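Breakdown of the fold
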Amino acid sequence: NTGNATVTGGEFNGFKLKNGELTITGNVDLSTDAFHPLTNGLGNVSKIVIGSDASFNAGNNTVSVGVTNKGTISGGTFSAVEVRNDGAISGGTFNSSTRVMNSGRISGGDFSNATVNNYRTITGGTFADLNLFSDSRVQGEGDSVPTINDEIENMGGQILQPCHFGEGASVTQNNGTIEVVVTA
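Keep in mind the model is a prediction, meaning the values are calculated, not measured.

The residue T68 is located in strand 7 (residues 66-69) in this model. If we skip the residues at most four places from it in the chain, T68 touches K47, I48, V49, I50 and R84.

Okay, structure coming up:
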């Protein structure tokens, strides 16, 4: 057979699709041509779930459906969605109207146009609208230093050094700890 086909479900190498839910079960990297048919079918996806032993890089594709992450997000663009992170985020661009609920670990990525609600750990990345909750922590690790460029609302978390505060950084509420470096 030749021609176009639409895949509405099934189990494949590294992912499965059922009733519009794309479940990542292995290493899926859409920046490679190996998954080209999947990128063409993203319009049929209404939700993405990344399993605990799985990793997902959306490559040059924009994800505009809700994401539940228990594995690793390493790249791609996420726009106007909610990302629930119980795993790790090491890269990616999170655009306006995107809300990231972090109960895992963020070690990298560009969140400068997103709102991040942090309930656990941030060790790297660039942030604008950052909300910290009880027992959460923002602190660089190794060569990775988080940068905060806009509003900080701290409701019981900690921002410890190393952490970089950009020119636009401001504190709207602080009921926790914020360490700053003072230079003379």
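To continue, consider the pairing of strand 14 (residues 110-118). Pairing analysis gives four bridges linking strand 12 (residues 99-102) to strand 14, with the strands arranged parallel. Bridge pairing links N102 to N118 in strand 14. Here strand 14 runs beside strand 16 (residues 126-133); their pairing, made up of six bridges, is parallel. Bridge pairing in strand 16 links N118 to L132.

This part takes up the environment of T25. The topology assignment puts T25 in the loop between strand 3 (21-24) and strand 4 (27-29). Among the residues examined, T25 registers a relative accessible area of 45% and is labelled partly exposed. When the C-alpha atoms of T25 and F12 are compared, they prove to be 9.3 Å apart, with 13 residues separating the residues in sequence. Among the polar contacts made by the side chain of T25, one reaches the main-chain amide nitrogen of F15 at a distance of 3.4 Å.

Now for the pattern of salt bridges. In the structure shown here, the tally under the stated rule is two salt bridges. Here R84 makes a salt bridge to E82, at a shortest N to O gap of 3.0 Å. A salt bridge links R105 to E141; its shortest N-O distance comes to 2.6 Å. Of this pair, R105 sits in strand 13 (residues 105-106) while E141 sits in the loop between strand 17 (137-138) and strand 18 (147-148), placing them 36 residues apart in sequence. R105 sits in the partly exposed class, given a relative accessible area of 29%. Owing to a relative accessible area of 45%, E141 belongs among the partly exposed residues under this scheme.

Rules of the game
- Residues numbered from 1 in each chain as written.
- Predicted model: local features only at pLDDT ≥ 70, side-chain atom pairs only at ≥ 80, totals over all residues.
- Heavy atoms only, no water.
- Helix = DSSP H or I, 4+ residues; strand = E, 2+ residues; numbered from the N terminus.
- Contact = heavy atoms within 4.5 Å.
- Pairing = 2+ DSSP bridges.
- Buried < 20%, exposed > 50% of the residue type's maximum accessible area, 1.4 Å probe, protein only.
- Polar contact = N/O pair within 3.5 Å; in protein donor to acceptor, adjacent residues only side chain to side chain.
- Salt bridge = Lys/Arg side-chain N within 4 Å of Asp/Glu carboxyl O.

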